[in-house]
4 protein chains.
Amino acid sequence: MNSIDRLIKIFSEFPGIGPKQARRFVYFLITRNDAYIEEFKNEITELKSDIESCVDCKRYFSQSIQKGKNIIGKKLCSICTDDSRDNTLLMIVSRDIDLDNIEKSHLFNGKYFVLGGLVPILDKEPEKRIRLKDMLSLVSRMLEKGLKEIILGLDANAEGEYTAEIVRNALSSLSEKYKIKISELGRGLSTGTELEYSDPETIKNALKNRG
Amino acid sequence: MNSIDRLIKIFSEFPGIGPKQARRFVYFLITRNDAYIEEFKNEITELKSDIESCVDCKRYFSQSIQKGKNIIGKKLCSICTDDSRDNTLLMIVSRDIDLDNIEKSHLFNGKYFVLGGLVPILDKEPEKRIRLKDMLSLVSRMLEKGLKEIILGLDANAEGEYTAEIVRNALSSLSEKYKIKISELGRGLSTGTELEYSDPETIKNALKNRG
Amino acid sequence: MNSIDRLIKIFSEFPGIGPKQARRFVYFLITRNDAYIEEFKNEITELKSDIESCVDCKRYFSQSIQKGKNIIGKKLCSICTDDSRDNTLLMIVSRDIDLDNIEKSHLFNGKYFVLGGLVPILDKEPEKRIRLKDMLSLVSRMLEKGLKEIILGLDANAEGEYTAEIVRNALSSLSEKYKIKISELGRGLSTGTELEYSDPETIKNALKNRG
Amino acid sequence: MNSIDRLIKIFSEFPGIGPKQARRFVYFLITRNDAYIEEFKNEITELKSDIESCVDCKRYFSQSIQKGKNIIGKKLCSICTDDSRDNTLLMIVSRDIDLDNIEKSHLFNGKYFVLGGLVPILDKEPEKRIRLKDMLSLVSRMLEKGLKEIILGLDANAEGEYTAEIVRNALSSLSEKYKIKISELGRGLSTGTELEYSDPETIKNALKNRG
């Protein structure tokens, strides 16, 4: 296997990329000049040295931007260190990319925790798939700051629902003891949904959540 | 224009059908035998003589099936004459096809009213697009039977929202006077929605309707 | 089953139509006025009484338009009776819709024969699927008028190739005896094809037919 | 802009990649371990140092694999140095990826020249878009080895046809003087094409190239 084929193989592992598009990526890189390639490699290096997983919410963030704000010896992201955010609300999401999308909407002002994935249905060892321990640890620490509600911000599909169940179980004793409300994102008609094509599950939720 | 082209022209007006598929329909009919064609034409004739618009909800229904149940001189559909349905709840939908889909889910046991369409945004004469008068008349009659809530069961898009506004305005004096609640189908994550791809409107509703 | 459901069932058999679109067709018809429905039914009746299968090429054509030109007692379409068309060339196509598309291009001035379908691979009784006898009969009659070449105008897929083989076999003794050339439509790059995505079969033909 | 956003920006320039998928790539890299990232960067470095543009055909090839075969001081790819290939045939393609696809089919045994792109319609300086000079130089050298035919292996679309015209013009004096045939890949029905949906251009070519 030559250098072209080896790089095609690597790009083929990227999310959503098949061998044909991987090949186009490789020829794209071949025809870039040296400065471009250097910048590309530098940015990859930079990413790995700059990006840190936040001690609290576990999301990945850029240290260089955070530097000034960080408490010495503890690496926290800009959301976790933002005093203007609401410490009574914690949203649990599966991936950084979900958190990014919610942040972009500017509609949520609480804190987050990133599970690191979803649990496939029937998976017997969810603690190997998602960060349940870290989640419990953060929730414990947030209790002191007045945490009142945990929102499960998970995909509205089978994996999301199975993961929600596992997270609820993991949180049950803490939430009962400290009277923490556990809520889920509202189900119903999402933007653009036409009634003619709605599935029964969505109709059920739209009726239940009417108001 | 010959008979093939004339029928292509008619089929091209059917919802979602372009001239290419219309042509395939015509050749499909040409190659059917006489019995098939007779049955097809009979069913069309039957449809027009059998189908009646319900006096109350305005939906189209088959008279032949209803015959036994109908009060003489008043044509009512099987839902409007069904005593087991909840007279305190009325759902207002835009089209018969929406009503059919909700009925198929077996999740709603109240009554319906079919507006006959949606009002395009900025349309100045909504009463020409939707059956506002008939709606008010039905609501008045249902007040005597204990109507408590009107659910606006409209598409979650711009036309649906504009139509909801017009319907609310038309109902406002009656609903205030008789303390009728006017609700809308819940918005939020519909089945299958992934957070990564959710629009801000859906995130806003999913947060608002969490529970 | 009521009249709505019965007509949905019929429309669901139309090419490319599922039950959801069939339902939309039925509601579309319900909301048309009586004049529209009458015209629709009349055109269907008209189609069946007006459309005749051409004695020679077997395609379906409108008699009313042809009337003046027809030799009494023999029903021939406008192409088969057109003296300006080239009697030395015969194109064999599978369906009327293929013939229509080729005619629309104004690129072929010979005669046609419509097989009435394609033969599924491994089908043991091709004579029940396609009009082989009628084809041989037409070819025999065209020999007297100077037929020199038969073009197999069939789809470039497995069924088309299998049908071509069967047609070739059926024609073999006639074509050998009378030195009739049997050709097939050229294979190669169709409009819009990009080399990057071409399959080996297409590359092979494009190389073979280069010029 | 932090390191995540900077790398998203770079990936967004990759062929066919928008900002959403670029973001997924970045999170994919963040969650890889150090060994993976090192290998990825090494392969990119390797690619740039290993890949050379062939002196003759201009395609990009891996030097490490070619090393043994190369004539000292002249960098030629495995196809250009392969004595079993036919020196009387030269195919001119626009991009390496087209050459790769044709090679994969094992249907062409001549030589290649890679133009490096296609010329956009109405572009006034084609020599800045494609390697016309290098092409003429290779053709001149191949004349001595018995070159007889140049095949224009370009996409069957407007840009491909415009580029073919420019290449023909550039080659005209050489081809006339030395009686070199210039051919184009055959046009017609590509695999899977159905006659019902064929455009007039394809029908025209399929008729012309029938056989």
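Description of the structure in this document. (Residues numbered from 1 in each chain as written. Chains lettered and ligands numbered in written order. Predicted model: local features only at pLDDT ≥ 70, side-chain atom pairs only at ≥ 80, totals over all residues. Heavy atoms only, no water.)

1. Describing unusual backbone geometry
Trans peptide bonds make up the majority, and among non-glycine residues the majority have a negative phi.
Right, on to step 1. Positive phi values are uncommon outside glycine, yet H106 of chain A reaches one of about 55°.
Right, on to step 2. Along the polypeptide, H106 of chain A turns up in the loop between α5 (96-105) and β4 (110-114).
Right, on to step 3. For K179 of chain D, which is not glycine, the phi torsion reads 55° and is therefore positive.
Right, on to step 4. Relative to the assigned elements, K179 of chain D resides in the loop between α7 (158-177) and β6 (181-184). (Helix = DSSP H or I, 4+ residues; strand = E, 2+ residues; numbered from the N terminus.)

2. Here's the deal with the interface of chain B and chain D
How big an interface is tends to be expressed through the accessible area that disappears when the partners come together.
Right, on to step 1. With 4 residues of chain B at the interface, the matching set in chain D holds 4 residues.
Right, on to step 2. Counting the surface lost from both chain B and chain D, the interface buries some 430 Å², and carbon and sulfur atoms represent 35% of this.
Right, on to step 3. Applying the counting criterion to the chain B and chain D interface returns 2 salt bridges.
Right, on to step 4. At the boundary of chain B with chain D, the tally comes to 2 residue pairs in polar contact (both at pLDDT 80 or more).
Right, on to step 5. Residue composition of the side of chain B that touches chain D, by class: 1 nonpolar, no polar and 3 charged. (Contact = heavy atoms within 4.5 Å. Buried area = accessible area lost by both parts, 1.4 Å probe. Salt bridge = Lys/Arg side-chain N within 4 Å of Asp/Glu carboxyl O. Polar contact = N/O pair within 3.5 Å; in protein donor to acceptor, adjacent residues only side chain to side chain. Nonpolar A, V, L, I, M, F, W, Y, C, P; charged D, E, K, R; others polar.)

3. Section: the sheet that holds strand β5 (residues 149-153) of chain A
Residue and element names in this part refer to chain A.
Right, on to step 1. Strand order in the open sheet formed by 4 strands is β4-β3-β5-β6, with parallel pairing between adjacent strands. The open sheet has two edge strands, β4 and β6 (181-184), and neither has a second partner. Ignoring strand direction, the axes of neighbouring strands in this sheet form an average angle of 25°.
Right, on to step 2. With 5 bridges joining them, strand β3 (residues 86-93) and β4 adopt parallel strand pairing. Each residue of the ladder has a partner; that of I92, found in β4, is F113.
Right, on to step 3. Along the sheet, helix α7 (residues 158-177) contacts β3, β5 and β6; its crossing angle with β6, the most-contacted strand, is approximately 165°. (Pairing = 2+ DSSP bridges. Axes fitted to C-alpha atoms, helices over the stretch in contact; angles between N-to-C directions.)

4. Remarks on the side chain of R59 of chain B
Right, on to step 1. With respect to the helices, strands and loops of the structure, R59 of chain B is situated in the loop between β1 (51-53) and β2 (60-62).
Right, on to step 2. Despite its burial, R59 of chain B remains without a salt bridge, the nearest opposite charge being carried by D100 of chain B at 4.4 Å. (Buried < 20%, exposed > 50% of the residue type's maximum accessible area, 1.4 Å probe, protein only. Lys, Arg positive; Asp, Glu negative; His and termini not counted.)

5. Re the sheet that holds strand β3 (residues 86-93) of chain D
Residue and element names in this part refer to chain D.
Right, on to step 1. Reading across from one edge, β4-β3-β5-β6 is the order of the 4 strands in this open sheet, with parallel pairing throughout. Of all strands in the sheet, those bounded by a partner on one side alone are β4 (110-114) and β6. Neighbour to neighbour, the strand axes of the sheet diverge by 25° on average, direction disregarded.
Right, on to step 2. In the packing of helix α6 (residues 132-143) onto the sheet, the strands contacted are β3, β4 and β5 (149-153), and the crossing angle to β3 comes to about 170°.
Right, on to step 3. Where α7 meets the sheet, it contacts β3, β5 and β6, and its direction lies at approximately 165° from that of β6.

6. Focus on the relation of the copies chain B and chain D
Right, on to step 1. When chain B is fitted to chain D, the best match, at an RMSD of 0.0 Å, comes from turning it 180° and sliding it 0.0 Å along the axis. Taken together, the rotation angle and the small translation identify this as a two-fold axis. Taking C-alpha positions as the reference, the residue of chain B nearest the rotation axis is G16 of chain B, at 15 Å.
Right, on to step 2. Interface overlap between copies is the fraction of interface residues in one copy that are interface residues in the other; for chain B against chain D it reaches 100%, indicating a shared surface. (Least-squares fit on C-alpha atoms with pLDDT ≥ 70 in both.)

7. Here we look at the interface of chain A and chain D
Right, on to step 1. Across the contact, 44 residues belong to chain A and 44 residues belong to chain D.
Right, on to step 2. With both chains or domains summed, chain A and chain D bury close to 4400 Å², and 71% of this area falls on carbon and sulfur atoms.
Right, on to step 3. Where chain A packs against chain D, one counts 6 salt bridges.
Right, on to step 4. A salt bridge links R23 of chain D to D100 of chain A, with the nearest nitrogen and oxygen atoms 2.4 Å apart.

8. Some points on helix α2 (residues 19-30) of chain D
Right, on to step 1. Counted at 1.5 Å a residue, the expected span for α2 of chain D with its 12 residues is 16 Å, and the 16 Å between its end C-alpha atoms agrees.
Right, on to step 2. Restricting attention to buried positions, one finds in α2 of chain D the residues A22, F25, V26, Y27, F28, L29 and I30 of chain D. (Expected span 1.5 Å × (residues − 1).)

9. Some remarks on the relation of the copies chain A and chain D
Copies of the same chain, two in number, are related to each other by a rotation about an axis and a translation along it.
Right, on to step 1. Of the transformation superimposing chain A on chain D, the axial component is 0.0 Å and the angular component is 180°, with the fit at an RMSD of 0.0 Å.
Right, on to step 2. In this assembly the copies share their binding face: 100% of the residues contributing to the interface of chain A also contribute to that of chain D.

10. A word on the side chain of E196 of chain D
Right, on to step 1. Its place among the elements puts E196 of chain D in the loop between β6 and α8 (200-208).
Right, on to step 2. In terms of polar contacts, E196 of chain D uses its side chain to reach the side chain of R24 of chain B, at 3.1 Å.
Right, on to step 3. In contact with E196 of chain D, not counting residues within four places along its chain, are K20 and R24 of chain B together with I97, D98 and N101 of chain C.

11. Focus: the packing of α5 of chain A against α2 of chain D
Right, on to step 1. Axis separation between α5 of chain A and α2 of chain D bottoms out at 10 Å; the angle between their running directions is 135°. Between α5 of chain A and α2 of chain D, the crossing angle belongs to the class labelled oblique. In the crossing of α5 of chain A with α2 of chain D, the sense of the turn from one axis to the other is right-handed. Here D96, I97 and D100 of chain A of α5 of chain A come into contact with α2 of chain D, specifically with R23, R24 and Y27 of chain D. (Parallel < 35°, antiparallel > 145°, perpendicular 65-115°, else oblique. Left-handed = near helix turned anticlockwise from the far one by under 90°.)

12. A look at the pattern of salt bridges
Right, on to step 1. Overall, the coordinates contain 64 salt bridges over all chains when judged by the stated rule.
Right, on to step 2. We note a salt bridge from R6 of chain B to E46 of chain C, for which the minimum N-O separation is 3.8 Å. Of this pair, R6 of chain B sits in helix α1 (residues 3-11) while E46 of chain C sits in helix α3 (residues 34-50), placing the two residues on different chains.
Right, on to step 3. A relative accessible area of 24% places R6 of chain B in the partly exposed class.
Right, on to step 4. Taking relative accessible area as the criterion, E46 of chain C reaches 34% and is therefore assigned partly exposed.
Right, on to step 5. Note that R187 of chain B is salt-bridged to E161 of chain B, the shortest N-O span being 2.8 Å.

13. What about the pairing of strand β6 (residues 181-184) of chain C?
Residue and element names in this part refer to chain C.
Right, on to step 1. Judged from the 4 bridges that link them, strand β5 (residues 149-153) and β6 form a sheet pairing that is parallel. What sits directly across from I151, in β6, is S183.
Right, on to step 2. With helix α8 (residues 158-177) bridging β5 and the parallel β6, this β-α-β connection has right-handed handedness. (Right-handed = clockwise from strand over helix to strand, strands pointing away.)

14. A few points about α5 of chain A
Right, on to step 1. Along α5 of chain A, 8 of the 10 residues are buried, which leaves the element largely enclosed by surrounding structure.
Right, on to step 2. Regarding α5 of chain A, the residues found buried are D96, I97, D98, L99, D100, N101, I102 and S105 of chain A.
Right, on to step 3. Of the surrounding secondary structure, the elements contacted by the buried residues of α5 of chain A are β2 (60-62), β3 and β4 of chain A, α9 (200-208) of chain B together with α2 of chain D.
Right, on to step 4. Looking one or two places after α5 of chain A, you find H106 of chain A, whose phi comes out positive at around 55°.

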